[in-house]
Amino acid sequence: MRTVTEMANAKLNLFLDIRGKRQDGYHEIRTVMHTVSLADRVSVSVAPAAVPSVAVEVRGEGNAAVPADGTNTAAIAARLFLSRCRLTDAVTVSMEKHIPVAAGLAGGSSDAAAVLRALNRLYRAPLSEPELLTLAAAVGSDVPYCLHGKTALCEGRGERLTRLCVPAVYRFVIAVAGESMSTPRAYTLLDALYGQFSTPRPAAREGYTRLLSALGKGAPLSFSLYNIFEPAVLPLCPGAEELRYRLRALGATAALMSGSGPSVFGVFPSADAAEAAAVTLRGEGVRAYAASSV
Ligand code: C5P
């Protein structure tokens with residue numbers, strides 16, 4: 001049996017706008033994703049076998065919310081990899097979960113991407129970079145981004161990537177209020193609120209320009225964060241909305257919901273300030289993590 005371990009990092013959406021609904025039911029998005037230090041640990045083992053199989057084990061905080069069966073995104077990724085490479089081995093994926101589940105932090109997508117990276121390492125790179133990206137897009141819209149993480153502009157379904165160079169390390173606190181929101185439900189709420197997405201959204205246009213300029217210079221991120229999901233999702237997640245205000249009160253220069261929510265994050269001026277805010281929130285019974293850009 002051979003084993004490799006990969007870290008599966010969470011992402012934050014520093015900017016997220018939807019430009020319209022597509023014929024295939026997906027939405028045309030424009031988002032800036034940013035990888036942070038909060039991460040799951042994913043170990044993948046392979047052993048020779050006569051027929052292909054995939055088993056998943058899940059440990060760590062919130063593990064009960066993660067399916068340890070074939071519906072897990074990590075298992076889907078492993079099955080696709082075996083089939084694409086015509087392999088019949090037995091794969092075991094062992095995950096130590098730290099990223100909150102169904103929270104808009106791409107935990108499931110990042111685990112799937114980590115499995116694809118691990119398998120490509122274990123079998124000595126049978127798939128090229130474009131082939132891996134294609135396989136990743138078949139697992140989920142955020143999985144291609146999660147293969148390499150860092151900071152990227154993601155468009156289309158989320159799979160069309162433009163890498164952005166960011167010469168700064170930002171400090172964050174990520175917090176969840178115990179609410180959850182599935183991605184399909186969040187999109188349904190969004191459709192009900194925005195219809196054809198034709199209403200002008202000046203905050204989105206200005207936020208995007210300011211964000212790209214700030215990231216390019218490594219400048220502070222205040223006044224540039226934007227997420228179109230907030231007015232659709234936060235009214236149903238009052239705990240998240242309250243946490244967003246709480247983060248500001250604890251010294252965040254800006255706070256936003258990540259992805260389709262309901263996790264929220266605050267940007268802090270230093271690692272010490274972020275750590276102090278996370279400690280305070282944990283003291284109040286909130287699941288909160290200090291994290292930084294990686
Ligand atoms: O691609 P993924 O499986 O992560 O998407 C989950 C769900 O989110 C889709 O079934 C769809 O309802 C919604 N989605 C969307 N537009 C996107 C990405 C996701 O409507 N660009």
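In what follows, the accompanying structure is described.

What counts and how
- Per chain, residue numbering runs from 1 following the sequence as it is written.
- Local features are withheld for residues below a pLDDT of 70 in this predicted model, meaning they are given only at 70 or higher, and side-chain atom pairs are given and counted only at 80 or more; totals for whole chains, interfaces and linings count all residues.
- With hydrogens and water excluded, all non-hydrogen atoms of the structure serve as input to the side-chain values.
- Secondary structure elements follow DSSP: runs of H or I of four or more residues count as helices, runs of E of two or more count as strands, with numbering from the N terminus.
- For the purposes of these results, a polar contact is taken to be a pair of N or O atoms within 3.5 Å, where, inside protein, one atom must be able to donate a hydrogen and its partner to accept one; residues adjacent in sequence count only when each atom of the pair is a side-chain atom.
- Axis geometry follows a simple rule: fit a line to the C-alpha atoms, using only the stretch in contact for helices, then measure angles between N-to-C directions, giving values from 0 to 180 degrees.
- Angle categories are assigned with fixed cut-offs, so that under 35 degrees is roughly parallel, over 145 is roughly antiparallel, 65 to 115 is roughly perpendicular, and the rest are oblique.
- Throughout, a crossing is termed right-handed when the near helix is turned clockwise from the far one, and left-handed when it is turned anticlockwise from it by less than a right angle.
- Working rule for contacts: check all heavy atoms of both residues, and any pair within 4.5 Å makes them a contact.
- Residues are sorted three ways: Asp, Glu, Lys and Arg are charged, Ala, Val, Leu, Ile, Met, Phe, Trp, Tyr, Cys and Pro are nonpolar, and all the rest, Gly among them, are polar.
- When a carboxyl oxygen of Asp or Glu lies within 4 Å of a side-chain nitrogen of Lys or Arg, that pair is called a salt bridge.
- The buried label applies to any residue whose accessible area, calculated with a 1.4 Å probe on protein chains only, is under 20% of its type's maximum; exposed applies above 50%, and partly exposed to all values in between.
- We call a set of buried residues a nonpolar core when its members are Ala, Val, Leu, Ile, Met, Phe, Trp, Tyr or Cys and they connect through side-chain atoms within 4.5 Å of each other.
- Think of it this way: one heavy atom of a residue within 4 Å of a molecule or strand is enough to make that residue near it.
- Computed with a 1.4 Å probe, the accessible areas rest on the Shrake-Rupley method; for each residue, only the protein chains presented here act as cover.
- A 1.4 Å probe that fits but cannot get out identifies a cavity on a 1 Å grid over protein atoms alone, an open set with protein on both sides within 12 Å along at least five of seven lines counts as a pocket, and a residue lines either if it has an atom within 4 Å of a point.
- Throughout, a molecule is located in a cavity or pocket provided that more than half of its atoms lie within 2 Å of its grid points.

Once that is clear, we can look at the side chain of Ser224. One can find Ser224 in the loop between α6 (202-217) and β8 (226-227). Within the structure, the side chain of Ser224 is placed 2.5 Å from the backbone oxygen of Leu221, a separation counted as a polar contact.

Okay, the packing of helix α1 (residues 73-84) against helix α2 (residues 107-122) next. Relative to each other, α1 and α2 sit at 30°, their axes nearing to 8 Å. On the basis of their axis angle, the class for α1 and α2 is roughly parallel. Where α1 crosses over α2, the two elements pack in a sense that is right-handed. Across the interface between the two elements, Thr73, Ala74, Ala77, Ala78 and Phe81 of α1 pack against Gly108, Ser109, Asp111, Ala112, Val115, Leu116, Leu119 and Asn120 of α2. Its residues assigned to classes, the contact of α1 with α2 shows eight nonpolar, four polar and one charged.

What follows covers the pattern of salt bridges. Pairing between side chains becomes possible if they bear opposite charge and their charged atoms approach one another. Summed over all chains, the structure comprises 17 salt bridges. Measuring nitrogen to oxygen at the nearest pair gives 3.5 Å for the salt bridge that ties Arg282 to Glu275. For Glu275, a relative accessible area of 37% puts it in the partly exposed group.

With that out of the way, let us pick up helix α3 (residues 129-139). Of all the residues in α3, the buried ones are Leu132, Leu135, Ala136, Ala137 and Val139. On the buried face of α3, the contacting elements are α1, α2 and α4 (143-148).

What follows covers the packing of α2 against α3. Two quantities define a packed helix pair, namely the angle between the axes and the distance from one axis to the other. Axis separation between α2 and α3 bottoms out at 10 Å; the angle between their running directions is 145°. By crossing handedness, the relation of α2 to α3 is classed as right-handed. Counting all contacts with α2, which are made through Ala112, Leu116 and Asn120, the residues of α3 involved are Leu132, Leu135, Ala136 and Val139.

The next thing to look at is the nonpolar core. Val173, Leu190, Leu221, Leu225, Phe229 and Phe265 are the most contacted members of the largest nonpolar core, which has 61 residues in total. It is strand β1 (residues 2-21) that provides the largest number of residues to this core, a total of six residues. Other than its neighbours up to four places away in sequence, Val173 contacts Leu247, Val264, Phe265, Gly266, Phe268, Ala274, Ala277, Ala278, Leu281, Ala288, Tyr289 and Ala290. Counting 40 residues, the second-largest nonpolar core is a separate cluster that includes Ala75, Leu119, Leu122 and Val143.

Let us now look at the environment of Ala114. Here Ala114 lies in helix α2. You can call Ala114 buried: its relative accessible area is 0%. Placed 109 residues apart in sequence, Ala114 and Thr5 show a C-alpha to C-alpha distance of 8.5 Å. Apart from the residues lying within four places of it in its own chain, the contact partners of Ala114 are Glu6, Met7, Ala8 and Val42.

Below, the discussion takes up the site of the ligand. Taken together, Gly25, Tyr26, His27, Ile29, Gly140, Ser141, Arg157, Thr183, Pro184 and Tyr187 make up the full set of residues adjacent to the ligand. Within the side chain of Ser141, a nitrogen or oxygen atom sits 2.5 Å from an oxygen atom of the ligand. In this structure, Arg157 approaches the ligand through a main-chain N or O atom, which is 2.9 Å from a nitrogen atom. In isolation the ligand exposes 450 Å². Once the protein is present, 73% of that is buried. More than half of the atoms belonging to the ligand lie within 2 Å of the grid points that define the largest pocket. Secondary structure elements with two or more residues in the shell around the ligand: β2 (27-47) and α5 (183-194). Looking at which element gives the most residues to the shell around the ligand, the answer is α5, with three residues.

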